[in-house]
Amino acid sequence: MDKILVTGGLGFIGSHTVVELQEAGFEVVIIDDLSNSSENVLDGITAITGKTPIFEKIDLKEKQLVEDFFKRHNDLKGVIHFAASKAVGESVEKPLLYYENNISTLVYILKELKNLPEASFIFSSSCTVYGQADKMPITENAPVKPAESPYGNTKQIGEEIIKDICKITPNLKAIALRYFNPVGAHKSIEIGELPIGVPQNLVPFITQTAAGIREQLSVFGDDYPTPDGTCIRDYIHVVDLAKAHVIALQRLLNGANKDNYETFNLGTGKGSSVLEVVNSFEKVSGEKLNYKIVGRREGDVISAYADTKKAKEELGWQTELTLDDAMLSAWNWEKKVRGV
Ligand code: UD1
């Protein structure tokens, strides 16, 4: 059984990936600092898979602790690195916090991997690296645009750091996965998204509004050059996304990679407008959502959806679940968490 480190493994995408890794037969060790997650997530994972992953509460900014961890676990075959801060607005207010949280931690982990006889590394990147792409759907070759925020910049710089180290380290293989918009929850509703405070992202804001925690959803702009005037995104079910991580990891472990640094888009290939997401929610939940159209949100791109060809051809992966599936699972999860 190959042993895999999942950093940020108690977070939203991390926890769903731990489930898929365990179901594929991997032994999982989680590092999480619990800054945006809870230890209870371990119970959810155990309820689904019947296995409790090893968990170590470590702040990856503590370089010595990272070194000690790798000494204790000298049999790791790979690392999936989710641990990072991800609030775009906060990153504008606190850029140094973001560079420290997202970049120094990455460097410390890569320093350890560099010394292993062989290591596979999967990095959480984002479609944010493309900014407003000139052409839809967005292929992996689309130019990386100047970042809109320090958060976005940490993803771009992170990719560059990994590329540079892979160039000179033949024993290190890496894949950067560029996520579009991850949404939904595991169908068991044992795990899901748990945003702290007021959600910045659309889907948790919708489900919290329907659950009565928020009064009203603000739809940011209906005067964009899109069919219904609202922005278009590629909403991918978190379980589909999690499965892609296992496949990408297996590609590296099996030596099926074509280069020792690769990038893949992870999306459905289908763009949905904000109002389509609202309609999907209303349809699957049977709830009427209280929303109003307000002005545009600064920094929003008009449209972003993935070209999925490379992931399909190279990874043999494509999404199986729909936006309706995602909205229903997100709603069932919200109801469970709130006791609605
Ligand atoms: C945002 C970030 C992206 C980051 C991702 C991580 C920006 C510009 N982009 O993606 O860099 O990787 O989060 O989670 O911040 N919307 C509303 N009302 C709301 C919330 C959202 O209308 O209350 C709309 C937005 O205008 C957008 C869509 O819903 O059109 C999706 O928004 P969101 O969930 O925040 O994701 P992104 O902006 O795509």
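Model, not experiment: these values are computed from the prediction.

Q: For this particular structure, what's the right way to read the pairing of strand β5 (residues 119–126)?
A: Consecutive side chains along a regular strand alternate between the two faces of the sheet. The element β5 is largely enclosed, with a buried count of eight among its eight residues. Residues A119, F121, F123 and S125 point to one face of β5 and S120, I122, S124 and S126 to the other, with burial holding for every one of them. As paired elements, strand β4 (residues 76–81) and β5 share four bridges and run parallel to each other. Each residue of the ladder has a partner; that of G78, found in β5, is S120. Sheet topology note: the β5/strand β6 (residues 172–179) ladder contains eight bridges and is parallel. Across the sheet, the residue bridging to F121 is A174, located in β6.

Q: It is not clear to me how empty space enclosed by the protein should be interpreted in this structure. Could you clarify?
A: If you roll a probe as big as a water molecule over the atoms, it shows you where there is empty space left. In total, this model carries two cavities of 30 Å³ or more according to the counting rule given. Estimated volume of the largest cavity: approximately 80 Å³. Lining the largest cavity, in full, are G184, E193, P195, V203, P204, T207, A330, W333 and E334. Partitioning the lining of the largest cavity into residue classes produces five nonpolar, two polar and two charged. Put simply, the second largest cavity is a space of about 40 Å³. Residue lining of the second largest cavity: H81, F82, A83, A84, N102, F123, T154 and K155, and that is the complete set. Taken together, the residues of the lining of the second largest cavity sort by class into four nonpolar, three polar and one charged.

Q: I tried to follow the pattern of salt bridges on my own but got confused; where do I start?
A: Under the defined criterion, the tally for this structure stands at 21 salt bridges. Between K61 and D59 there is a salt bridge, with its nearest N and O atoms 3.3 Å apart. Residue D59 is classed as partly exposed on the basis of its relative accessible area of 26%. One salt bridge in this structure joins D223 and R296, with 3.0 Å as the shortest N-O distance. With D223 in the loop between β8 (217–220) and β9 (232–233) and R296 in the loop between β13 (291–294) and α10 (309–315), this pair connects stretches of sequence that are 73 residues apart. Taking relative accessible area as the criterion, D223 reaches 51% and is therefore assigned exposed. Take R296: its relative accessible area is 47%, and that puts it in the partly exposed class. One connected set of salt bridges, linked through shared partners, spans R251, K258, E262 and E314.

Q: I'm lost on the site of the ligand in this one. Help?
A: The local shell around the ligand holds 19 residues, among which L202, S218, R233, R297 and D300 are the closest. Separating an oxygen atom of the ligand from a side-chain N or O atom of S126 is a distance of 3.3 Å. Starting from 740 Å² of accessible surface for the ligand in isolation, the protein chains cover 86%. Ranked by the residues each element gives to the shell around the ligand, the list is headed by β8, at four residues. Among the residues making up the shell around the ligand, the classes are represented as nine nonpolar, seven polar and three charged. Each of domain 1 (3–182 + 237–266) and domain 2 (202–233 + 269–338) gives at least three residues to the shell around the ligand.

The rules behind the values
Within each chain, residue numbers correspond to sequence positions counted from 1 in written order. Totals for whole chains, interfaces and linings use all residues, but because this is a predicted model, local features are given only for residues with pLDDT of at least 70 and pairs of side-chain atoms are given and counted only at 80 or more. Here the side-chain values reflect all heavy atoms present in the structure, with hydrogen atoms and water set aside. Summary of the burial criterion: residues with accessible area below 20% of their type's maximum are buried, those above 50% are exposed, and those between are partly exposed, where the area comes from a 1.4 Å probe applied to protein chains only. Helix and strand assignments follow DSSP, with helices taken as H or I runs no shorter than four residues and strands as E runs no shorter than two, numbered in order from the N terminus. At least two DSSP bridges between two strands are required for those strands to pair. Think of a 1 Å grid over just the protein atoms. A cavity is a set of points where a 1.4 Å probe fits yet cannot get out, a pocket is an open set with protein on both sides within 12 Å along at least five of seven lines, and lining residues have an atom within 4 Å of a point. Grid points are joined across faces, edges and corners, and a volume is the space filled by probe spheres set on the points. Under the convention adopted here, Pro, Cys and the residues Ala, Val, Leu, Ile, Met, Phe, Trp and Tyr are nonpolar, Asp, Glu, Lys and Arg are charged, and Gly plus all remaining residues are polar. One speaks of a salt bridge when a side-chain nitrogen belonging to Lys or Arg is within 4 Å of a carboxyl oxygen belonging to Asp or Glu. Proximity is defined per residue: any heavy atom of the residue falling within 4 Å of a molecule or strand makes that residue near it. Distance and chemistry together define a polar contact, namely a pair of N or O atoms within 3.5 Å, with one atom able to donate a hydrogen and the other to accept it when in protein, and with adjacent residues in sequence counting only for side-chain atoms on both sides. Only the protein chains shown count as covering a residue, and every accessible area follows the Shrake-Rupley method with a 1.4 Å probe. For the purposes of this description, domain bounds are those given by an automatic or database domain assignment.

Keep in mind these values describe shape, not function.
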